[in-house]
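Below are the chains, spelled out letter by letter.
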Amino acid sequence: MKTLLLSLLLTFPMAAAAADAPAKAAAPDPNQACFDCHVASKPGEVGVRPAEFGKSVHASFGCTDCHADYQAPGPHELAPLTGADAALVARSEALKASTAPRAYLACGNCHAEVVEQVAASVHGKWAKGDAKVAGPTCASCHGSVHEIVKGVATPAPAGATFATGARAISERCEKCHADPAYVEKAGLKGDVVVTFHDSIHGRLVNTGSALAPACADCHGAAEKDGKGVLRPNAHKILAKTDPASPVAGKNRAGTCGRCHAGANDNFAKLVAHNDPAHSESKIPHFLHVVFSWLAALTLIFFAGHVALDLFAEIRHKVRMRKAGHGHDPAKESQFVQRFDLHQRAQHWLMLVGVILLGVTGWPLRGAGSPEAIETSRKILGLFGGPHGAALLHRIAAVMIIISGGYHLLYLVLHGARRTLAFSMLPGPRDVGEIRDNIRYMLAGGDRPAYGKYSYLEKFDYWAVFWGMIMMVGTGFVLWFPVFFATYAPHWLLTSAQIIHGEEATLALLFLFVVHFYNAHLKPSIFPMNWVWLTGKMSHAMLEEEHRGQYEELVEKKKDPHP
Amino acid sequence: MNRKTPSIIGAAVGLALFLAIALLPALLYGGYAGVLLAGGIFGTPVQPTFLVRSLIMFGMVMGALGVGSLFAVGGAVAGAAVGVLTTSVAPAKAATQETKA
């Protein structure tokens, strides 16, 4: 007895060691008989890739655990099936759903619950009724049955009540739901995948978010896992007409509420595969049209203005050179104070904020374009992914809000001390200057003698008021969507999404093309107008750019350089 | 050295960087902005008519100009900052050497 125990103890570790050793290959693989004829070398090829099968969740099983009745060598004679199994396999064969339909009968031996769930779901209908196309088999979502590995579901983030499911599986939904021919035959709605990728969630998922929902996260029934965290169950997907569907009627708010705590019905109408511009109300559509025209016309007008100005600048340079005009060092070394420290600080806050908002915001919007997804993912990756960028976006928003508040306070204090200058107010003089400047740019002659601020600068200034109201206003709606959905009508939330995007395009292109040209890049100013840093402008530049103001100054001060 | 030189060098570096890494994305984003504007103006789904194509081209040009300007101006500011630092550090060094001597 003792010797037996001893020998057992001794052989155990040895057996374990033997199993690890390469000698393992010597142990005959019970599946070898089948591999003699059924080895595949690349994915998609008929047969099994032994190495991949060896890594799969079913590696420890024999081929015949699923392919019951099969015997080497083939071709195989199989006993005929009876009853429900026979009908199922016949349907599967008729619709060419699988290369080995019988094998799916075996799944239920070990995954009975899942098989029942799938059969009861909308994806199980095809196997029962008379569908024109095959719906999903297990492999449609899980990939090659011989190569299934454990699903890599996202771990639930700390404090979250809902963990998103395996992204790779949700991508497989698109094989069917995005295929126009398939969708047509199956009588499904055709654009759900496009509208998903276009939605805020789709853009977040595509740029690397682990928190935003993919298909199965909204359509799967939410069930508690072992740790009490809710997870989507993609085996229980139902038609939207089924009252039990998570996207049907009253259930929808709860589905959004998996992630958006407190979501109500009004909120739940926001994202449902529809283009926000075509929601129930006509207002969002109307605003979409208006803002698109506004953005396009404003940009076209100012792009034309920049082009004309560049032309006039070059012409002016050539003439100056021919006329042999030189610099006047005295005028270059004398300065007027143009902006005080407060004004510059307001501008610094604004410019840092706006640039940050642009680089953290536009890539997310741009991710709606399939070609730009990779770029957007990389850019947002610089900020730690879309959620890192989202945080920075909010910080930058606070910066521009502070800048705006600071400016208003500044105006109020100046007003109270009766030192408020009204040089920024547009007036009849500007109309004349617009006309004169366009004539100058086209035909030459003299530039208008601008006062402290030209019409372009006034436009820049007032455009910021408009832009701030639009972007900050709609930004708050997007920041606290659940709150606004509780108190505001649905069209307001949808309109906010539309305006935020269109106005951002307008503002960024205007600032980076038009404002940057006027303040930095135009030949007479390049590399920049230093006034934003120093607050001072040289007399030479003042004479060039604000001749009206310069002449007033000379009058008053009896300037030595008339 | 001219006061402007460092910022001009900076702008050139910014522009080179733009051409190397950001031109393509800028064209993509700009074109997409054009598509979105066209969607609002001519209705979705966007049909490839002449006006739509022109608007997309316009978007691409604006995208490239905008992002290019951002790089150029960013480069100019960085160049100016480097210029200020190097010119203010150099005399300070000279001064310390004088006091030592």
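What counts, and where the lines are drawn
Residues numbered from 1 in each chain as written. Chains lettered and ligands numbered in written order. Predicted model: local features only at pLDDT ≥ 70, side-chain atom pairs only at ≥ 80, totals over all residues. Heavy atoms only, no water. Helix = DSSP H or I, 4+ residues; strand = E, 2+ residues; numbered from the N terminus. Rg over C-alpha atoms; globule rule 2.2 N^0.38 Å. Buried < 20%, exposed > 50% of the residue type's maximum accessible area, 1.4 Å probe, protein only. Contact = heavy atoms within 4.5 Å. Areas by Shrake-Rupley, 256 points an atom, 1.4 Å probe, with all protein chains shown as cover. Lys, Arg positive; Asp, Glu negative; His and termini not counted. Charge placed at Lys NZ, Arg CZ, Asp CG, Glu CD. Disulfide = S-S within 2.5 Å. Axes fitted to C-alpha atoms, helices over the stretch in contact; angles between N-to-C directions. Parallel < 35°, antiparallel > 145°, perpendicular 65-115°, else oblique. Left-handed = near helix turned anticlockwise from the far one by under 90°. Nonpolar A, V, L, I, M, F, W, Y, C, P; charged D, E, K, R; others polar. Pairing = 2+ DSSP bridges. 1 Å grid on protein atoms, 1.4 Å probe; cavity = no way out; pocket = protein on both sides within 12 Å on 5 of 7 lines; lining within 4 Å. Points joined across faces, edges and corners; volume = space filled by probe spheres on them. Domains from an automatic or database assignment. Salt bridge = Lys/Arg side-chain N within 4 Å of Asp/Glu carboxyl O. Polar contact = N/O pair within 3.5 Å; in protein donor to acceptor, adjacent residues only side chain to side chain. Core = buried A, V, L, I, M, F, W, Y, C linked by side-chain atoms within 4.5 Å. Buried area = accessible area lost by both parts, 1.4 Å probe.

The number of helices and strands found in chain A is 27 helices and 4 strands. Against the 2.2 N^0.38 benchmark of 24 Å for 562 residues, chain A shows a C-alpha radius of gyration of 35 Å, more extended than a compact globule. Considering only C-alpha atoms, chain A reaches an extent of 120 × 55 × 50 Å along its principal axes. Taken over 562 residues, chain A has a buried fraction of 37%. Pairs at least 24 residues apart make up 66% of the contacts formed inside chain A by residues separated by at least 6 positions. Accessible area for chain A stands at about 31,900 Å²; split by element, carbon and sulfur atoms hold 67% of it. Taken as two groups, the 54 positive and 49 negative side-chain charges of chain A have centres that lie 5 Å from each other.

With that settled, the discussion passes to the state of the cysteines. Residues and elements named next belong to chain A. Within this structure, the stated rule accounts for 0 disulfides over all chains. With no disulfide partner, C107 has as its closest neighbouring cysteine sulfur the one in C138, 4.2 Å distant. A residue is classified by how much of its surface remains accessible, and C107, at 19% relative accessible area, is buried. Unpaired in terms of disulfides, C141 finds its nearest cysteine sulfur in C173, a separation of 5.7 Å.

Residues and elements named next belong to chain A. Where helix α16 (residues 283-323) meets helix α22 (residues 455-479), the closest approach of the two axes is 14 Å, and the angle between their N-to-C directions is 160°. The orientation of α16 with respect to α22, classified from their angle, is roughly antiparallel. When you trace α16 past α22, the crossing you get is left-handed. Along the contact surface, α16 presents F291, L294, T298, F302 and H305, while α22 presents Y455, L456, F459, W466 and M470. Among the residues making up the contact of α16 with α22, the classes are represented as 8 nonpolar, 2 polar and no charged.

Right, let's get into the pairing of strand β2 (residues 230-233) of chain A. Judged from the 4 bridges that link them, strand β1 (residues 221-224) of chain A and β2(A) form a sheet pairing that is antiparallel. Each bridged residue has a counterpart across the sheet, and for A222(A) the counterpart in β2(A) is P232(A).

What follows deals with the side chain of S495(A). Residues and elements named next belong to chain A. Here S495 is to be found in helix α24 (residues 490-521). What makes S495 buried here is its relative accessible area of 3%. When neighbours within four sequence positions are excluded, S495 is seen to be in contact with I283, P284 and L287.

A word on the layout of surface pockets. Residue and element names in this part refer to chain A. Computed from the structure, the second largest pocket encloses a volume of approximately 1,900 Å³. In terms of lining residues, the second largest pocket is bounded by 49 residues, among which H327, E332, S524, A540 and M541 are the most central. If one sorts the elements of the lining of the second largest pocket by residue count, α16 sits on top with 7 residues. Looking at the lining of the second largest pocket residue by residue, the class counts come to 19 nonpolar, 13 polar and 17 charged.

Residue and element names in this part refer to chain A. Split by domain assignment, chain A resolves into domain 1 (50-158) and domain 2 (165-268). Distance from the C-alpha centre of domain 1 to the C-alpha centre of domain 2: 24 Å. Facing 20 residues of domain 1, the contacting portion of domain 2 comprises 19 residues. At the junction of domain 1 with domain 2, the criterion picks out 0 salt bridges. On the surface where domain 1 and domain 2 come into contact, there are 5 residue pairs in polar contact (both at pLDDT 80 or more). For the side of domain 1 that touches domain 2, the secondary structure elements donating two or more residues are α7 (112-120) and α8 (138-142). It is α7 that contributes the most residues to the side of domain 1 that touches domain 2, 4 residues altogether. Of the residues that constitute the side of domain 1 that touches domain 2, the class distribution is 11 nonpolar, 8 polar and 1 charged.

With that out of the way, let us pick up the nonpolar core. Within the largest apolar cluster, 22 residues are counted, with the highest numbers of intra-cluster contacts made by L299(A), V514(A), L55(B), F58(B) and M62(B). Contributions of two or more residues to this core are made by α16, α22 and α24 of chain A together with α1 (5-42) and α2 (50-100) of chain B. Not counting residues up to four positions away in its chain, the partners in contact with M62(B) are L299(A), A303(A), L509(A) and V513(A). Residues M350(A), V354(A), L357(A) and V73(B) belong to the second largest nonpolar core, which totals 18 residues.

Our focus in this paragraph is empty space enclosed by the protein. On inspection of all chains with the given rule, the structure shows 1 cavity of 30 Å³ or more. In this structure, the largest cavity occupies an estimated 40 Å³ of space. As for the largest cavity, its lining consists of L299(A), L509(A), A33(B), G34(B), L37(B), L55(B), F58(B), G59(B) and M62(B). The set of elements that each furnish at least two residues to the lining of the largest cavity consists of α1 and α2 of chain B. A per-element tally of the lining of the largest cavity places α2(B) first, with 4 residues. Tallied by class, the residues present in the lining of the largest cavity amount to 7 nonpolar, 2 polar and no charged.

With that settled, consider the interface of chain B and chain A. Opposite the 29 residues of chain B that make contact, chain A presents 38 residues. Each partner contributes to the roughly 2,800 Å² buried at the junction of chain B and chain A, and carbon and sulfur atoms together form 80% of this total. Sorting the residues of chain B by area buried against chain A places Y29(B), Y32(B) and M62(B) first, and these three jointly supply 23% of that buried surface. At the junction of chain B and chain A, the tally comes to 0 salt bridges. At the junction of chain B with chain A, the criterion picks out 3 residue pairs in polar contact (both at pLDDT 80 or more). Listed by contribution, the elements that provide at least two residues to the side of chain B that touches chain A are α1 and α2 of chain B. Residues that form the side of chain B that touches chain A fall into these classes: 20 nonpolar, 7 polar and 2 charged.

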